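Geometric and topological summary
Now for the letters of each chain:
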Amino acid sequence: MLLDGVRITASNRSSFMGDNGTTSLLILQDREMNLERIERSLESLPRERESIQKKIAAFESEIEAGKQRIKEMEVRGKAIETEMGEVENQALKYKSQQLEVKKNEEYTALTHEIELAEAKVSSLEETELELLYKLDDARETQAEDEAEIKEKIEMESRALKRLDEKEINLKSEIDAACEAVGEAESQVEKLPLSIYRRVARGLKYPIIVPLRDAKCQGCHMRVSATVEVEARKAKEITTCDNCGRIVYWDA
Ligand SMILES: [Zn+2]
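It is worth spelling out the domain arrangement of the chain at this point. Considered domain by domain, the chain is made up of domain 1 (1-21 + 188-251) and domain 2 (43-180). A C-alpha centroid distance of 69 Å is found between domain 1 and domain 2.

Put into structure tokens, the structure is as follows:
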């Protein structure tokens with residue numbers, strides 16, 4: 001397919017390429033790739049944001065879990081105090097009952113109950129004391145952990161903010177990038193453009209690639225001698241006979 005008469009603007013002209021439209025197509029491809037990069041970055045933002053928010057949520061629940069552990073210890077402490085009060089009251093009741101009993105064995109039985117209650121109280125006191133020490137430790141550790149975790153949350157929040165800024169920048173870039181694509185497209189002659197569009201279907205960038213050592217730099221396969229010669233002449237748009245990409249001679 002000869003493309004004689006296809007002209008590109010002087011500013012787009014490259015010394016090693018002919019007038020087959022490759023230069024203007026390369027500019028178009030470059031701008032399209034830039035636009036795609038911006039679009040991809042924008043698309044990936046929600047995912048990036050979500051992963052940061054998940055991290056923050058995990059950190060927050062770590063703090064919450066620590067607080068919960070302390071709360072549970074406090075509740076246990078209160079339960080011990082309540083139980084202690086009950087046992088003490090019981091002991092007092094036994095003591096007042098002792099004043100009223102007549103029989104010796106009843107008196108002895110109550111003495112035994114009182115001893116049991118007192119033993120129970122002192123065991124509860126011990127448990128409570130142990131718990132208070134643990135609670136002190138836990139509160140201290142929690143304060144340290146919280147400070148550390150809050151710092152991490154702060155860091156992630158800053159990352160979120162940077163993403164917001166990135167989004168603003170990308171959104172402001174995208175209009176200019178679209179415009180640049182349109183402008184580059186208007187510089188490409190109809191025929192090379194239609195070949196480019198056709199080749200681009202089902203292919204990932206790059207769509208136009210150089211030939212180096214007779215190898216297509218898209219699929220890295222050796223092209224046929226005919227393709228090589230045509231690319232060297234640069235009179236028409238030449239495509240790789242393996243992957244279909246447009247190839248140009250890159251000395
Ligand atoms: Zn190829």
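What follows concerns the sheet that holds strand S1 (residues 208-212). Taken together, 4 strands build an open sheet; the order of strands is S2-S1-S4-S3 and the sheet is mixed. The strands lining the two open edges of the sheet, one partner per strand, are strand S2 (215-216) and strand S3 (238-239). Note that S1 and S2 share 2 bridges and pair antiparallel. The residue bridging arginine 212 from the neighbouring strand is lysine 215, located in S2. Across the sheet, helix H4 (residues 225-233) lies against S1, S3 and strand S4 (246-249), angled at about 65° from S4, the strand it touches most.

Another point: the environment of serine 186. By secondary structure assignment, the location of serine 186 is in helix H2 (residues 104-186). With 10 C-beta atoms counted inside 10 Å, the residue serine 186 sits in the exposed group. Residues serine 186 and leucine 28 lie 158 residues apart in sequence; the distance between their C-alpha atoms is 9.2 Å.

Here we take up the nonpolar core. Counting 22 residues, the largest nonpolar core has Leu25, Ile208, Leu211, Ile246, Val247 and Tyr248 as its most contacted members. For this core, the secondary structure elements donating two or more residues are helix H1 (22-100), helix H3 (190-200), S1 and S4. Ignoring anything within four residues of it in the chain, the contact list for isoleucine 208 reads Thr22, Leu25, Leu26, Gln29, Arg245, Ile246 and Tyr248.

What follows is about unusual backbone geometry. The omega torsion across tyrosine 205 and proline 206 is 0°, close enough to zero to call that bond cis. If you trace the backbone, proline 206 turns up in the loop between H3 and S1. You will see that histidine 220, though not glycine, has its phi angle at about 65°, which is positive. Among the structural elements, histidine 220 can be located in the loop between S2 and H4.

Let us look at the environment of alanine 147. Tracing the sequence through the fold places alanine 147 in helix H2. Accessibility expressed as a C-beta count within 10 Å gives 9 for alanine 147, which makes it exposed.

Between its first and last C-alpha atoms H2 spans 117 Å; for 83 residues at 1.5 Å apiece the expected length is 123 Å, and the two agree. The complete set of buried residues in H2 reads Leu110, Ala117 and Val181. The inward-facing, buried residues of H2 contact H1.

Packing of H1 against H2 leaves a shortest axis separation of 6 Å and a crossing angle of 170°. By the criterion of interaxial angle, the relationship of H1 to H2 is roughly antiparallel. With respect to the hand of their crossing, H1 and H2 are arranged in left-handed fashion. Residues of the contact of H1 with H2, tallied by class, amount to 39 nonpolar, 10 polar and 28 charged.

Of the two faces of S4, the one carrying Ile246 and Tyr248 and the one carrying Val247 and Trp249 are both buried. In the sheet, S1 pairs with S4 via 4 bridges, with the strands oriented parallel. Counterpart to proline 210 in the pairing with S4 is tyrosine 248. Both S3 and S4 contribute to a ladder of 2 bridges, which runs antiparallel. Bridge pairing in S4 places threonine 238 opposite valine 247. Taking the residues between adjacent antiparallel strands as the criterion, S3 and S4 are bridged by 6 residues, where glycine 244 takes a positive phi near 90°.

What counts, and where the lines are drawn
Residues numbered from 1 in each chain as written. Predicted model: local features only at pLDDT ≥ 70, side-chain atom pairs only at ≥ 80, totals over all residues. Domains from an automatic or database assignment. Pairing = 2+ DSSP bridges. Helix = DSSP H or I, 4+ residues; strand = E, 2+ residues; numbered from the N terminus. Contact = placed C-beta atoms within 7 Å. Axes fitted to C-alpha atoms, helices over the stretch in contact; angles between N-to-C directions. Buried ≥ 20, exposed ≤ 12 C-beta atoms within 10 Å, placed from the backbone. Core = buried A, V, L, I, M, F, W, Y, C linked by C-beta atoms within 7 Å. Expected span 1.5 Å × (residues − 1). Parallel < 35°, antiparallel > 145°, perpendicular 65-115°, else oblique. Left-handed = near helix turned anticlockwise from the far one by under 90°. Nonpolar A, V, L, I, M, F, W, Y, C, P; charged D, E, K, R; others polar.

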